[in-house]
Amino acid sequence: MHTIIEPFRIKMTEALPITTRDQREAWLASAHNNVFLLNAEDITIDLLTDSGTGAMSARQWAAMMLGDESYAGSISWHRFENTVREITGFKHIFPVHQGRAAERILAVTRLKSGAIVPNNSHFDTTRANIEYAGAQAVDLLTLEGQDIYSSRPFKGNMDIVKLAHLIETKGPKNVPFCMITVTNNACGGQPVAMENIKAVKEILKKYHIPLVIDGCRFAENSYFVKEYEPGFSGRSLLEIAQEMFALADAATMSAKKDGLANIGGFFGCHDDEWAEDFRNMLILTEGFPTYGGLAGRDLEAIAVGLKEALEYEYQRYRHATVEYMAGRLIARGIPIVRPAGGHAVFIDAAAFCPCDYPGIGLVNALYLEGGIRAVELGSVMFGRRLLGTTPDEIAAPRELIRLAFPRRVYTQSHFDYVIEVLDVVWRQRDAIPAYAITKQAPFLRHFTAHFARGESRKASFS
Ligand SMILES: *Cc1c(COP(=O)(O)O)cnc(C)c1O
């Protein structure tokens, strides 16, 4: 059979609002043209993020009913710990309320001011927590990974020549640990090859620098390794994940991604001293080490979800969905980042509609045309503001928008609808207006900024 189907059927439904263009015009205007300020009930297809937005399985809901809410040493904790240990092999495992809690505690317990932490690409919360601890977060993406139109596999890899050079020039003592993020979210959800993780580990071993894996999408990465890296086709996703984590000294994880849960995460490590420091800070800010800020039922949902994420048929369907949409957009000439990432399709908004803040223009056009919510990853999110100079802002290197795929939520016909909406917007791209920022916060401005609609390109050029 060539048709890859959703490997599940639907037991419970949730109504999608079907809205009119007039309604959407009014709602977007009252949200100051920022889709973050819309009510979710006014959105038909929500592709804002794949984080915590997945649908849980009947097995996960059933497991939640077994949640043991004992404060210490609950049965749910043991199930969670056993599953995480089976996958990662870590001696010490700690639940946390989400990925950034693990990052924060790791950063405050292991980093001193002036320390350097390399990564293939730091995710924004990882970078923020490292910088908050006074350390420096350095991205070491390969040149290939920086080229959005190269369709080479494993564009999420770390540049190992740059890694060796960084350690040599800065001194290994100033690098308390090195991270690698799978898949590489900040560079478009691109996967990292096992060979690359092994090469990173080899270099680090020479200098006795621990490797910390940011494993948020470890199961999606395992799928890419199985399908596209020579020598892995006969291995199960679980075996591939185990081989990967065996290379690591520690890992941070957001269960809102490949835990297939709506909340949660964990930290795992081998070193007793790291564990002792982590535990003490965990008790201070998250909770007792056998629940770490989660309910017993959350631990149950994650224990089941982590294993479901490693089911081959599930990953095959997920990958096929992303590829399906990417292929149809490419066929229409729509400029997207290639190859399609593991959890999202990224559109090059600068090529789509070159105007001021093109990502905002495109995101808003998708909402107005079809009630779809995407997110800008361009100068509004990553541009650097300068105070008291002209111009007062440095544009981001790229103007992308992201259509993230919530797990097990939308069917192929939903994606056909998204493709049709994009097709209409693409054909009318000259009518997409520029936007100007009229109000903004001093940091993380994209969440709350207000925008004013300017002239469309067509109008201003004619
Ligand atoms: C989401 C994410 C995080 C942070 O996890 P939260 O659960 O959102 O706190 C860290 N790293 C990567 C790569 C992520 O995608």
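Coordinates for the structure precede this section.
Keep in mind that what you see is a predicted model, and the values were worked out from it rather than measured. (Residues numbered from 1 in each chain as written. Predicted model: local features only at pLDDT ≥ 70, side-chain atom pairs only at ≥ 80, totals over all residues. Heavy atoms only, no water.)

Chemist: Can you help me understand the site of the ligand in this one?
Modeler: Among the 14 residues in the neighbourhood of the ligand, the closest are listed as Arg100, Asp214, Arg217, Ser254 and Lys257. At 2.9 Å from an oxygen atom of the ligand is found a side-chain nitrogen or oxygen belonging to Gln98. One of the side-chain nitrogen or oxygen atoms of Asn185 is found 2.9 Å away from an oxygen atom of the ligand. Relative to its free-state accessible area of 380 Å², the ligand is covered by the protein chains to the extent of 98%. For the shell around the ligand, the element with the highest residue contribution is helix α4 (residues 99–110), accounting for 3 residues. In the shell around the ligand, the residues fall into 2 nonpolar, 6 polar and 6 charged. (Near = heavy atom within 4 Å. Polar contact = N/O pair within 3.5 Å; in protein donor to acceptor, adjacent residues only side chain to side chain. Areas by Shrake-Rupley, 256 points an atom, 1.4 Å probe, with all protein chains shown as cover. Helix = DSSP H or I, 4+ residues; strand = E, 2+ residues; numbered from the N terminus. Nonpolar A, V, L, I, M, F, W, Y, C, P; charged D, E, K, R; others polar.)

Chemist: What is the right way to read the sheet that holds strand β11 (residues 375–377) from this model?
Modeler: What links the strands of a sheet is backbone hydrogen bonding, and the strands pair in either a parallel or an antiparallel sense. If you walk across this open sheet you meet the 3 strands as β9-β14-β11, and the pairing is antiparallel. Pairing within the sheet leaves two strands with one partner each, and these edge strands are β9 (344–348) and β11. Geometrically, the sheet is characterised by an average inter-axis angle of 30° between neighbouring strands, direction not taken into account. Sheet topology places β11 next to strand β14 (residues 400–404); 3 bridges connect them, and they run antiparallel. Directly across from Glu376, in β14, lies its bridge partner Ile401. Helix-sheet contacts for helix α13 (residues 312–331) involve β9 and β14, and the interaxial angle to β9 is about 20°. (Pairing = 2+ DSSP bridges. Axes fitted to C-alpha atoms, helices over the stretch in contact; angles between N-to-C directions. Contact = heavy atoms within 4.5 Å.)

Chemist: Help me understand the pairing of strand β6 (residues 211–214) in this model?
Modeler: Successive side chains on a regular strand alternate, one facing one side of the sheet and the next facing the other. Burial along β6 is two-sided: Leu211 and Ile213 facing one way and Val212 and Asp214 facing the other are all buried. Pairing analysis gives 4 bridges linking strand β5 (residues 178–181) to β6, with the strands arranged parallel. Residue pairing across strands places Ile180 opposite Ile213, the latter belonging to β6. Note that the unit made of β5, helix α8 (residues 194–207) and β6 has a crossover that is right-handed. Bridge count for β6 against strand β7 (residues 250–254) is 3 bridges, and the pairing is parallel. Bridged to Ile213 within β7 is Ala251. (Buried < 20%, exposed > 50% of the residue type's maximum accessible area, 1.4 Å probe, protein only. Right-handed = clockwise from strand over helix to strand, strands pointing away.)

Chemist: Would you take a moment to explain the sheet that holds β7 for this structure?
Modeler: With mixed pairing, the 5 strands of this open sheet are ordered in space as β2-β8-β7-β6-β5. This sheet does not close on itself; its edge strands, each paired only once, are β2 (92–96) and β5. Averaged over all pairs of adjacent strands, the angle between their axes in this sheet comes to 15°, without regard to strand direction.

Chemist: I keep staring at the packing of helix α3 (residues 75–88) against helix α12 (residues 296–309) and nothing clicks. Help me out?
Modeler: In helix packing, the relevant descriptors are the interaxial angle and the interaxial distance, both defined with respect to the helix axes. Orientation of α3 relative to α12, taken along the N-to-C sense of each, is 25°, at an axis distance of 8 Å. For the element pair α3 / α12, the angle class is roughly parallel. Of the two elements, α3 crosses α12, and the hand of that crossing is left-handed. Counting all contacts with α3, which are made through Ser76, Trp77, Arg79, Phe80, Thr83, Val84, Glu86 and Ile87, the residues of α12 involved are Gly296, Leu299, Glu300, Ile302, Ala303, Leu306 and Lys307. (Parallel < 35°, antiparallel > 145°, perpendicular 65-115°, else oblique. Left-handed = near helix turned anticlockwise from the far one by under 90°.)

Chemist: Got a minute to help me understand the nonpolar core in this structure?
Modeler: Nonpolar side chains in soluble globular proteins generally cluster together in the buried interior. Leu163 and Phe218 are the most contacted members of the largest nonpolar core, which totals 56 residues. Among the elements that line this core, the one with the most residues is α8, at 6 residues. Sequence-distant contacts of Phe218, defined by excluding residues within four places in its chain, comprise Ile87, Val182, Ala241, Met244, Phe245, Met253, Asp258, Leu306 and Leu310. Residues Val322, Ile334, Ile347 and Ala374 belong to the second largest nonpolar core, which totals 40 residues. (Core = buried A, V, L, I, M, F, W, Y, C linked by side-chain atoms within 4.5 Å.)

Chemist: Teacher, can you tell me more about the pattern of salt bridges here?
Modeler: This structure, assessed with the given rule, holds 33 salt bridges. Salt-bridge contacts for Asp423 lead to Arg332; the nearest nitrogen and oxygen are separated by 3.5 Å. Placement of Asp423 in helix α17 (residues 412–427) and of Arg332 in the loop between α13 and β9 is noted, with a sequence separation of 91 residues between them. Assessed through its relative accessible area of 17%, Asp423 is described here as buried. Through salt bridges that share partners, Asp50, Arg217, Glu220, Asp258, Arg318 and Arg407 make up one connected network. (Salt bridge = Lys/Arg side-chain N within 4 Å of Asp/Glu carboxyl O.)

Without other data, these values stay purely geometric and don't point to any function.
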